[in-house]
Amino acid sequence: MMRIAPVSALIGLALAAPALAQDVPAWRAPSLINQMAAAPDDAAREAVARQRARLLLSAMSLEQKLQQLTGARPEVLPDLPGCFGARHVSGIGTLSVPTFRITNGPVGLGQNDCVSLDVAKEAPQDLGFGPFQTGAYTHPSSAKATALPSAMAAAASFDPAMAALYGEVIATEMHQLGLHVFEAPGVNLARLPILGRNFEYFGEDPYLSGTMAVAETRAIQARGLIAMPKHYAANEQETNRMTIQTNVDRQTLRELYLLPFEMAVKDGKAAAIMCAYNYVNGQSSCENRELLTDVLRRDWGFTGYVQSDFFAMKSTVATLANGMDHEMPMPLQWAPGKISAALDKGDLTLAQIDTALERRYTQAIKLGIFDRPLARTSIDFAAGGQKARLIGGRGAVLLQNNGALPLSLDLKSVVLIGKASQVYARQAVAGGALVGEPMGAGGGSSDVVPAYSVSPVEGLRSTLAASARVQLILVDDANQTATIDGKTVPFADVLVAAGAADAVVMMAGTIAEEGADRATFSDAAGTRLAAPAGQGSGLDWYAARSNRIATAAGPNAAQNSQTTAMIAALMTARSTSGRPMAAKSVLVLKDNAGVALPEALVGRRGPAIVEAWFPAQEDGNIVADVLFGRVNPSGKLPVTIPFVGKGFLDHVQAGQFPGTLGADGKTQTVSYAEQLAIGYRWYDANVSGQCAAKQGRNPCVAFPFGHGLSYTQFRLGRPQLAAAADGWRVTVPVTNSGQRSGAQVVQLYISLPAAANAIGGAQPPRRLIGFQRIELAAGASGKVSIPVDPAASNHPLSVWNEMTKRWEMPAGRYILWTGSSSAPADLVQAGSIDR
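As the structure is a computational prediction, the values presented were derived from the model and not from experiment.

Conventions used here
- Residues numbered from 1 in each chain as written.
- Predicted model: local features only at pLDDT ≥ 70, side-chain atom pairs only at ≥ 80, totals over all residues.
- Heavy atoms only, no water.
- Helix = DSSP H or I, 4+ residues; strand = E, 2+ residues; numbered from the N terminus.
- Buried < 20%, exposed > 50% of the residue type's maximum accessible area, 1.4 Å probe, protein only.
- Contact = heavy atoms within 4.5 Å.
- Areas by Shrake-Rupley, 256 points an atom, 1.4 Å probe, with all protein chains shown as cover.
- Core = buried A, V, L, I, M, F, W, Y, C linked by side-chain atoms within 4.5 Å.
- Axes fitted to C-alpha atoms, helices over the stretch in contact; angles between N-to-C directions.
- Parallel < 35°, antiparallel > 145°, perpendicular 65-115°, else oblique.
- Left-handed = near helix turned anticlockwise from the far one by under 90°.
- Nonpolar A, V, L, I, M, F, W, Y, C, P; charged D, E, K, R; others polar.
- Phe/Tyr/Trp six-rings, centres within 6.5 Å; stacked < 30°, edge-to-face > 60°.
- Lys NZ or Arg CZ within 6 Å of the ring centre and 35° of its normal.
- Pairing = 2+ DSSP bridges.
- Disulfide = S-S within 2.5 Å.

Time to look at the overall build of the chain. Scanning the chain from terminus to terminus reveals 21 helices and 39 strands. Here the C-alpha coordinates of the chain stretch approximately 80 × 65 × 60 Å along the principal axes. Considering the chain as a whole, with its 835 residues, one finds that 62% of them fall into the buried category. Within the chain, contacts between residues separated by at least 24 positions form 74% of all contacts whose residues are at least 6 apart in sequence. By element, 52% of the accessible surface of the chain is carried by carbon and sulfur atoms, the whole surface being about 28100 Å².

Encoded structure:
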């Protein structure tokens, strides 16, 4: 990994940086910069930074302060005249305040405040708040960067080191592009498997999400930049996200949806938080005093600043009065005229403006951002690509293997099969990928424009000998015709080609993107479903544009690719290669989150299945690495994969998704009525009454949360629970009993005492409270040691009591479980704690 100087060293570089003004302002006095660089810890450095921020504010006019409260309208950057940008706060040259630049995320540097100067010449559009060039936010000429695998893939590694590497790539390229703030990590939960932005997040478990967010946040901020966990809070659907009213009880809010943010703040020391579009319990997220002040600052001790999501603020006075600090992307609610009017009326005070600016300035100064010259240098795209490839391989999950994997390097013929209407076999896949369009053309936050991409065919061909034959077969939605390397043939010829091939690689998935969920609505208003919500979690559902609401008919109609029927036909085709179809066939999934699978695909008669998520620019290499065994898969599912028709989405009511309309016919309210029962917790609790475990396996679940196989085998020994200075430790012996080096992830779950249910909502049978990855050579043994600290930020032994408004440890017996997945059959009791 690249070695980066500590923040104190980055701050020290300021002494060599030229001042932006002829006279050095008091806030940039060398003595203060030296004092900050020599500070013994983060708190001391922040104290000096706050002192400097106050000196800066004392030198500013009201006009300058109002300008600094918001992002700038699209403009050519004075500091970087080659960039037309709209993701920055313009600098103040007379005070040596540099332009403050912000980039989108979370899967790399998306729209990053620098598009072609030609965009400035485009005709402005007026979207209701004055004309501007909208291309400044979405144009594909955005500066290129490494397109990383989805955050879901990083989460599947169950390895904080991969989240840290994710942050390292991002921070390195931010420095190279002269950027300061990364709008990520995203830590909303996969409450709905069809949530359009699931791939930007870390899965369905709050502890896993928080752990990965902490590692990524630390990695970014250790390099003198700002990480901004988002979207705060309870922002788990894209449908009507700007106006949706989310009702969630406070216990569920604290134990699930706020927990990753709490961990990122307390353990990751996040410098910023982004508030969301939605309303939470009746109040807009960006003016919600309970969330922004009572919870974030009073309860968690957050000292950073809060930025709005783009165009998310809905008022002038309430936002500033209740805890907001920075409006993006331009002066709208906090336009100087509006703030001045509120000051004149006495609705706001100058002290509130100073507080908002002081919070942001303190973080920027502490991290050295305001003391470094703004410059752009070239990106090492090869280095970024290598790290992206490593992350993607580490996050790939081997779901099942009937002898097909790993593929032999001696194969003479391989057929790669997918749908002509889908991207999965045709090109490298990232969120919002469009057939035939370059990566980054979708327009969402995660549309990173890479310097190159590797298609699936390229990955396979570069792995095999030049004499091997790799054919690309694309099948129509009706499963009637196809093309084999561009030549049109009947589908019957595809079955013959698959039967004759040495190996069959099928690719499918569930593409998604910001702006819409994978669901079919009666019209573009997105208030009433036209088909069951569960359809969107299957392999057959798709729409032409994943960032727009799909309807039963119309320009973005939901369609059926008949992918599962194609796979079924291939699996029952006559093999003429000497190996049964199940023993030579692989299904590579490229999913947004947990896909619902037909029961026929799971088990001995099904293909080997690899979940590769959205691999992004290194797609072909990542998949080939896993299929041919250059990478021994060790990923684990950060989401549950149910059987078709048996999942959470097959039982949700309209109030849970997409929400119901109020008496006014406009207000759409979604209720988290399932409370604590999301993801694996819903299946374990048998909420539907149809999912009672049988012999330790849930009949509704194809592959459980935490599941993942390897090309080797592991044996877990008897766990030991012992007291420790900070609580307890669970130690588990692990042996690699196979023939290959590999890695296993040992997971720790806890069952709370029955008394926990009397405090609030029903607790799930188990919840994840720890995990540890261990790499072992063939035949080697080792141990993992997982801490159980009652005082940890994830509150492993506690529940939230809304009556007393505090975390409480209920009396009774706590049972600890260790194993290789959340399924009861994969767990053994590690001991118990009586309290």
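A few words on the nonpolar core. Of all hydrophobic cores here, the largest spans 136 residues; its most connected members are Phe 100, Ile 226, Tyr 232, Tyr 361, Phe 370 and Leu 768. The leading source of residues in this core is helix H7 (residues 160–177), at nine residues. The contacts of Phe 370, once residues within four sequence positions are left out, are Trp 27, Arg 28, Leu 56, Ser 96, Val 97, Pro 98, Phe 100, Tyr 361, Ala 364 and Ile 365. Core analysis: the next-biggest nonpolar cluster, separate from the first, contains 42 residues, Val 504, Val 595, Leu 601 and Trp 613 among them.

A few words now on the packing of helix H2 (residues 30–37) against helix H3 (residues 42–58). Direction vectors running N to C along H2 and H3 enclose 155 degrees, while the axes themselves pass 8 Å from each other. Classed by the angle they form, the pair H2 and H3 counts as roughly antiparallel. The two elements H2 and H3 cross, and the hand of that crossing is left-handed. Counted together, Leu 32, Ile 33, Gln 35 and Met 36 of H2 and Arg 45, Val 48, Ala 49, Gln 51, Arg 52 and Leu 55 of H3 form the full contact between these two elements. For the contact of H2 with H3, the per-class residue count stands at six nonpolar, two polar and two charged.

Following the sequence through the fold, Gly 831 ends up in strand S39 (residues 827–834). Gly 831 sits in the buried class, given a relative accessible area of 18%. Separated by 434 residues in the primary sequence, Gly 831 and Val 397 place their C-alpha atoms 29 Å from one another. Ignoring any residue separated from it by four or fewer positions in sequence, one finds Gly 831 in contact with Leu 721, Tyr 814, Ile 815 and Leu 816.

To continue, consider the packing of aromatic side chains. Scanning the entire structure with this criterion turns up 22 aromatic pairs. An angle of 75 degrees between the planes, with centres 5.7 Å apart, marks the rings of Trp 800 and Trp 807 as edge-to-face. On the basis of relative accessible area, Trp 800 is assigned to the buried category, the value being 4%. What links up through ring pairs into an aromatic cluster is the set Phe 158, Tyr 207, Tyr 680, Phe 705, Tyr 749 and Phe 771. Taking the ring centre of Tyr 672 as reference, the NZ or CZ of Arg 191 above it sits at 4.0 Å. Cation over ring: Arg 360 sits above Phe 100, and NZ or CZ is 4.9 Å from the ring centre.

Turning our eyes to something else, we now look at the pairing of strand S24 (residues 585–591). Across the seven residues that make up S24, a large majority, seven, are buried. Across seven bridges, strand S19 (residues 503–510) lies against S24 in parallel orientation. By the bridge assignment for S24, Met 506 is matched with Leu 587. In terms of strand pairing, S24 meets strand S25 (residues 608–611) through four bridges, oriented parallel. Residue pairing in the sheet places Leu 587 in a bridge with Ile 609 of S25.

Moving on to unusual backbone geometry. Between Met 328 and Pro 329 the backbone carries a cis peptide bond, its omega angle lying at 10 degrees. Structurally, Pro 329 is set in the loop between helix H12 (317–322) and helix H13 (336–345). Note that the residue after Phe 657, namely Pro 658, is joined by a cis bond; omega there is 0 degrees. If you trace the backbone, Pro 658 turns up in the loop between strand S26 (641–642) and strand S27 (660–661). Positive phi, normally seen in glycine, also occurs at Phe 311, with a value near 65 degrees. Tracing the chain through its elements places Phe 311 in the loop between strand S13 (305–308) and H12. When its relative accessible area of 28% is taken as the criterion, Phe 311 is described as partly exposed. At Gln 562, a position not held by glycine, the phi torsion is positive, near 55 degrees.

A separate point is the state of the cysteines. Following the criterion strictly, the structure yields three disulfides and no others. Here Cys 83 connects covalently by a disulfide to Cys 114, the sulfurs 2.1 Å from one another. An S-S torsion of about -80 degrees defines the bridge between Cys 83 and Cys 114 as left-handed. Of the two residues, Cys 83 is situated in the loop between strand S1 (75–76) and strand S2 (84–85) and Cys 114 in the loop between strand S4 (100–103) and strand S5 (125–126); the sequence distance between them amounts to 31 residues. Residues Cys 83 and Cys 114 agree in their burial class; the two are buried.

The axes of two packed helices give the description: the angle between them and the distance between them. Direction vectors running N to C along helix H16 (residues 456–463) and helix H20 (residues 619–627) enclose 50 degrees, while the axes themselves pass 7 Å from each other. Our classification of the angle between H16 and H20 gives oblique. Judged by the sense of rotation from one axis to the other, the crossing of H16 with H20 is right-handed. Where H16 abuts H20, its residues Pro 456, Gly 459, Leu 460, Ser 462 and Thr 463 lie against Asp 619, Gly 620, Asn 621, Ala 624 and Leu 627. Per-class residue counts for the contact of H16 with H20 are four nonpolar, five polar and one charged.

What follows concerns the sheet that holds strand S28 (residues 668–671). An order of S12-S11-S9-S28-S27 is seen for the five strands of this open sheet, with the pairing classed as mixed. Edge positions in the open sheet fall to strand S12 (283–284) and S27, since each of these has one partner strand only.

Let us now look at the sheet that holds S25. Sheets are built from strands that pair by backbone hydrogen bonding, the pairs being arranged parallel or antiparallel. The strand order S14-S25-S24-S19-S15-S16-S17-S18 describes an open sheet built from eight strands, whose pairing is mixed. In the strand order of this sheet, the two ends are held by strand S14 (397–400) and strand S18 (487–490), each with one partner. Direction aside, neighbouring strands of the sheet carry axes that sit 25 degrees apart on average. Both strand S15 (residues 413–419) and strand S16 (residues 469–475) contribute to a ladder of seven bridges, which runs parallel. Across the sheet, residue Val 415 finds its bridge partner in S16, namely Gln 471. Packing of helix H17 (residues 491–500) onto the sheet brings it into contact with S15, S16, strand S17 (481–484), S18 and S19, and relative to S18 it is tilted by some 95 degrees.

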